[in-house]
Amino acid sequence: MKRLIPILCLCLCILTGACVCGCTGNADPAPTTPVIPEPLPGNLTIINGDTEVVLDWDAITAMPAFVGYGYAVSTVGIKYGPYDVKGVRLTDLIALAGDFGEENQTWVSAPDGYLWVFDYDQVQGEGFITFDADLKEVPAPSLTVIIMYEQDGMPLTSGEGGPFRMVVATDTPDVITEGSSWVKWVDTIEVR
Ligand SMILES: Nc1nc2c(c(=O)[nH]1)N[C@H]1C(S)=C(S)[C@@H](COP(=O)(O)O)O[C@H]1N2
Ligand SMILES: [Mo]
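As annotated in an unreviewed UniProt entry, the chain is Molybdopterin-dependent oxidoreductase from Methanogenium organophilum.

What follows is the structure, encoded as structure tokens:
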């Protein structure tokens, strides 16, 4: 009997161990469904004279989209990107609020007080400085100024400048533009 007790204990341990292993080791991992975050709330107001057009997320994402690349350098030389970017052309947004000609500028601003002025040529994608990946200045290829609402297939977070960020976008992922014109948290576009 004295010898039987340790043997019983040993059996019990093996059984318990097998059960624990069976319960944890072989368990199926929890099913992972990709979580697409909700877009941040926020509207975009386009102003031209007395005309004011207010667009929400649904109105903006229902417009024809530009899909391309965004790659920027900050004033201190930090590169960010290239990102897959998706958004609406600035020309299409401006057209909703009236006439826009060579005498006009476009003021793009955000609630933190940041303002960037795009002249007529820049709204058409011209007159920007561009760099290659070594930050050597290169002649500008085709550029499209957009209000981005998706970066790498996701709605923008607040840290990324969401819900709407200005981007000087390109057709290829190898061109760098200046980050200062990439206005974050854009809420107002005004033709002046
Ligand atoms: N609203 C807003 N947008 C902004 C700025 C800002 O201060 N406020 N800084 C600009 C400048 S100077 C740069 S270099 C980039 C920096 O982008 P990041 O904050 O994503 O690094 O954002 C640009 N957009
Ligand atoms: Mo900057």
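Student: Describe the packing of aromatic side chains, naming the residues involved and giving the relevant values.
Tutor: Tallying each qualifying case throughout the model produces 6 aromatic pairs. On the basis of an interplanar angle of 80° and a centroid distance of 5.9 Å, the ring pair of tyrosine 80 and tryptophan 182 is categorised as edge-to-face. Of the two residues, tyrosine 80 sits in strand β4 (residues 79–89) while tryptophan 182 sits in the loop between β12 (176–178) and β13 (188–191), which places them 102 residues apart along the sequence. The partly exposed category is assigned to tyrosine 80, whose relative accessible area is 22%. A ring pair is formed by tyrosine 114 and tryptophan 116, whose centres lie 6.3 Å apart and whose planes are at 10°; its orientation type is stacked. Overall, tryptophan 116 belongs to the partly exposed group, its relative accessible area being 28%. Linked through ring pairs, Trp57, Tyr149 and Phe164 together constitute an aromatic cluster. Its guanidinium or amino end placed over the ring of tryptophan 107, arginine 192 lies 3.9 Å from that ring's centre, counting from NZ or CZ.

Student: So what's going on with the environment of isoleucine 129? Which residues, and what values?
Tutor: Structurally, isoleucine 129 can be placed in the loop between α4 (120–123) and β7 (130–131). As for isoleucine 129 and isoleucine 176, which are separated by 47 residues in sequence, their C-alpha atoms are 8.7 Å apart. Filtering out sequence-adjacent residues up to four positions away, isoleucine 129 remains in contact with Glu137, Ile176, Thr177 and Glu178.

Student: Quick one: what's the story with the environment of glutamate 190, residue by residue and with numbers?
Tutor: Within the element layout of this structure, glutamate 190 appears in strand β13. Taking the relative accessible area as the measure of exposure, glutamate 190 reaches 23% and is therefore partly exposed. It is 5.6 Å that separates the C-alpha atoms of glutamate 190 and threonine 106, two residues lying 84 residues apart in sequence. Ignoring any residue separated from it by four or fewer positions in sequence, one finds glutamate 190 in contact with Ile47, Gln105, Thr106 and Trp107.

Student: I'd like a rundown of the layout of surface pockets, residues and numbers included.
Tutor: Each pocket or cavity is described by its volume, and for the largest pocket that value is around 150 Å³. Forming the boundary of the largest pocket are Ser74, Thr75, Tyr80, Asp112, Tyr114, Arg165, Gly179, Ser180, Trp182, Val183, Lys184 and Trp185. Looking at the lining of the largest pocket residue by residue, the classes come out as 5 nonpolar, 4 polar and 3 charged.

What counts, and at which threshold
- Per chain, the residues get numbers from 1 upward, laid out in the order the sequence is written.
- To label them, take the chains in the order written and letter them from A, then take the ligands in the order written and number them from 1.
- Reporting of local features is limited, given that this is a predicted model, to residues whose pLDDT is at least 70; pairs of side-chain atoms are given and counted only at 80 or more, and all residues count toward the totals for whole chains, interfaces and linings.
- Remark: hydrogens and water are excluded; side-chain values derive from all non-hydrogen atoms of the structure.
- The criterion for an aromatic pair is that two Phe, Tyr or Trp rings (for Trp, the six-membered ring) have centres within 6.5 Å, with stacked assigned to planes under 30 degrees apart, edge-to-face to planes over 60 apart and tilted to the rest.
- Numbering of helices and strands runs from the N terminus, with a helix taken as a DSSP run of H or I at least four residues long and a strand as a DSSP run of E at least two residues long.
- Residue burial is assigned from relative accessible area. The probe radius is 1.4 Å, only protein chains are included, and a residue is buried under 20% of its type maximum, exposed over 50%, and partly exposed in between.
- Sitting over a ring, as applied to charges here, requires NZ of Lys or CZ of Arg to be within 6 Å of the ring centre and within 35 degrees of the ring normal.
- When checking whether two residues touch, look at their non-hydrogen atoms; a contact exists if any pair is within 4.5 Å.
- A 1.4 Å probe that fits but cannot get out identifies a cavity on a 1 Å grid over protein atoms alone, an open set with protein on both sides within 12 Å along at least five of seven lines counts as a pocket, and a residue lines either if it has an atom within 4 Å of a point.
- Grid points are joined across faces, edges and corners, and a volume is the space filled by probe spheres set on the points.
- Classification used: nonpolar for Ala, Val, Leu, Ile, Met, Phe, Trp, Tyr, Cys and Pro, charged for Asp, Glu, Lys and Arg, polar for all others including Gly.

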